[in-house]
Amino acid sequence: MGVPVLVGIDLGTSGVKVVALGLDGVVHAEAAREYPVHSSAPGQAETHPEDWWDAVVAALGEALSCGALEVAGVGLDGQMHGLALADEDGSPVRPALLWADSRATSEVSAWEELPGPLRHRLANPLSPGMAGPLLLWVRRNEPAAYERAHAALLPKDWLRHRLTGGEFATDPSDASATLLWDVPGDGWAEDVVTKVGLDAALLPPVRPSGARAGALSGAGLSGVDAGVPVAVGAADTAAALLATGLTDPKDLQISVGTGAQIVRPVRDPVVTPHPRTHLYRSAAKDNRWYAMAAVQNAGLALGWARRVLGLSWEELYAAADGPPGAGGVTFVPYLTGERSPVLSAQARGAWLGLDLASDRASLAQAAVEGVAFAIRHALEALPSAPLEHARLVGGGTTAPGFRTLLADVLGIPLRPVGVRSASAVGAAMLAAQAAGLPMPPPPVTTDAVVAPTGRAGRYEGPYQRYRDHAESLAGARSP
């Protein structure tokens, strides 16, 4: 008998992570594999689901290769919003369209033209990379593929079907992020589906994230036996929130990586006519929700600035130590458009306020400040609630100088929380539910609280200057 473990599979945009989590919350093994994102023309982002499968098989085999682990359950999570069309047997009809694909921009108009009461029930900003507009794009541009499709799946749902051969299904955390979900009704918005010209029969049944969806078929897998329970799974952000234990609506979590997500749990979702942030179901048993402000350009923009300026990461972050305001230079990091709060795919970035005294150090400082300002700008769009502190997670928050800068810009203490492969760990925790086992404690670590310094008030003027520039470049004015 080996050590009993729960396997979590995190199907990301460009790679998969697999963790083997002990029933005591200890990570016994993990592995990762990459796969390509194809973009044969501007605005395209696709991956063939078979590439997902090959990567999962390889990563799972590596994680369990020691032979000393006995898998008690499998859970999975995945990148949100995309679309994997499958025929009746589950075979891909075409490559999967990903959240970063913007070809459905014109299809978004079908949602903009919905009667107000219908559109408001979606309770989310309109984005071309969500499954609803992507499905409409396929119907209009690839009618043969649309006719062949038997199910419109989210990425992790295609993978789960491949693992089990069971029924097509999805969970509320992924379904609520499709622009086809009735938030007040907490179910598929079939009237919206019909109104925009889609077939509701393509939408899979919705089951709880931790429900047992079937059992492993064992086909093509090594290190794990057929018959192991498999959970329905969750969206990657929802799974990560399980791993970090974010449940209190008075708490806030800021995750900084390539992008940034500012998340607050919500008990009673409030529908607003023109939302600037997202409202999605969690993966928790008690049907919680979470509000999220999404920043596309965080580490992505810092990496670009670092390359352009010829700096190491250490040199870039060290620039944050300069006097607040970067000598009057402002950096707006909208290199790929921006989501919260300006909601503009056409927004573009810039360094502004340059003069003869501006140098590489001031440009670098403005870049680091600009990302911190973008996070605050997005945070201010979240539903208001008393805010005394925030959790800080993600690989982009490990530099001490950036942590301090962010605390100063936000004006609140930050509590760094660490968990390896948070989404995969959350998926493994769902596996416990599917297997009827107690949910293990997540392997969370904490660092010392990062408090604002005496410089915090000196960022107010530069921040207001940033807001003016950002809203001008986005072509929108946020309140």
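The notes below deal with the structure included here. (Residues numbered from 1 in each chain as written. Predicted model: local features only at pLDDT ≥ 70, side-chain atom pairs only at ≥ 80, totals over all residues. Heavy atoms only, no water.)

Its 13 residues give helix H14 (residues 422-434) an end-to-end C-alpha distance of 19 Å, which sits within 8% of 18 Å, the value for a rise of 1.5 Å per residue. A large share of H14 lies buried, amounting to 13 of its 13 residues. One or two residues past the end of H14 sits Gly-436, with phi positive at roughly 70 degrees. (Helix = DSSP H or I, 4+ residues; strand = E, 2+ residues; numbered from the N terminus. Expected span 1.5 Å × (residues − 1). Buried < 20%, exposed > 50% of the residue type's maximum accessible area, 1.4 Å probe, protein only.)

This next bit is on the packing of helix H12 (residues 360-379) against helix H13 (residues 400-410). One way to put it is that H12 packs onto H13 with a least axis distance of 9 Å and a crossing angle of 45 degrees. In this view, H12 runs oblique relative to H13, as classed from their interaxial angle. Here H12 runs over H13; the crossing is right-handed. Counting all contacts with H12, which are made through Val-368, Glu-369, Val-371, Ala-372, Phe-373, Ile-375, Arg-376 and Leu-379, the residues of H13 involved are Phe-402, Leu-405, Leu-406, Val-409 and Leu-410. Tallied by class, residues from the contact of H12 with H13 come to 11 nonpolar, no polar and 2 charged. (Axes fitted to C-alpha atoms, helices over the stretch in contact; angles between N-to-C directions. Parallel < 35°, antiparallel > 145°, perpendicular 65-115°, else oblique. Left-handed = near helix turned anticlockwise from the far one by under 90°. Contact = heavy atoms within 4.5 Å. Nonpolar A, V, L, I, M, F, W, Y, C, P; charged D, E, K, R; others polar.)

Quick look at helix H1 (residues 49-63) now. The terminal C-alpha atoms of H1 lie 21 Å apart, and with 15 residues this matches the ideal 21 Å at 1.5 Å per residue to within 8%. Within H1, burial applies to Pro-49, Trp-52, Trp-53, Ala-55, Val-56, Ala-59, Leu-60, Gly-61 and Ala-63.

Before going further, it helps to examine the sheet that holds strand S21 (residues 414-418). Spatially, S16-S17-S15-S14-S20-S21-S22 is the arrangement adopted by the 7 strands of the open sheet, whose pairing is mixed. The open sheet has two free edges, formed respectively by strand S16 (278-281) and strand S22 (445-446), since each of these has just one partner strand. The pairing of strand S14 (residues 253-256) with strand S20 (residues 390-393) spans 3 bridges and is parallel. Within the sheet, the bridge partner assigned to Ser-255 lies in S20 and is Val-393. Packed on one face of the sheet, helix H9 (residues 236-244) meets S14, strand S15 (260-266), S16, strand S17 (289-295) and S20 and runs near 110 degrees to S17. The strands touched by H13 are S14, S20 and S21; relative to S21, the strand with the most contacts, the crossing angle is about 140 degrees. (Pairing = 2+ DSSP bridges.)

Under the counting rule described, the total for this entry stands at 22 salt bridges. Measuring nitrogen to oxygen at the nearest pair gives 2.7 Å for the salt bridge that ties Asp-157 to Lys-156. Given a relative accessible area of 1%, Asp-157 falls into the buried group. When salt bridges that share partners are traced, they join Glu-46, Arg-94, Asp-101, Arg-103 and Glu-142 into one network. (Salt bridge = Lys/Arg side-chain N within 4 Å of Asp/Glu carboxyl O.)

What follows covers the nonpolar core. Ranked by internal contacts, the top residues of the largest apolar core, which has 109 residues, are Trp-111, Leu-198, Ile-254, Ile-262, Phe-402 and Leu-414. The biggest single contributor to this core is H12, with 12 residues. Ranked by size, the runner-up nonpolar core spans 38 residues in total, among them Val-7, Ala-55, Ala-84 and Phe-168. (Core = buried A, V, L, I, M, F, W, Y, C linked by side-chain atoms within 4.5 Å.)

Under the criterion given, the structure shown has 11 aromatic pairs. An aromatic cluster of at least three residues, connected via ring pairs, comprises Trp-304, Phe-331 and Trp-351. Its end group placed over the ring of Trp-137, Arg-103 keeps NZ or CZ at 4.7 Å from the ring centre. Over the aromatic face of Tyr-463 sits the side chain of Arg-376, whose NZ or CZ is 4.0 Å from the ring centroid. (Phe/Tyr/Trp six-rings, centres within 6.5 Å; stacked < 30°, edge-to-face > 60°. Lys NZ or Arg CZ within 6 Å of the ring centre and 35° of its normal.)

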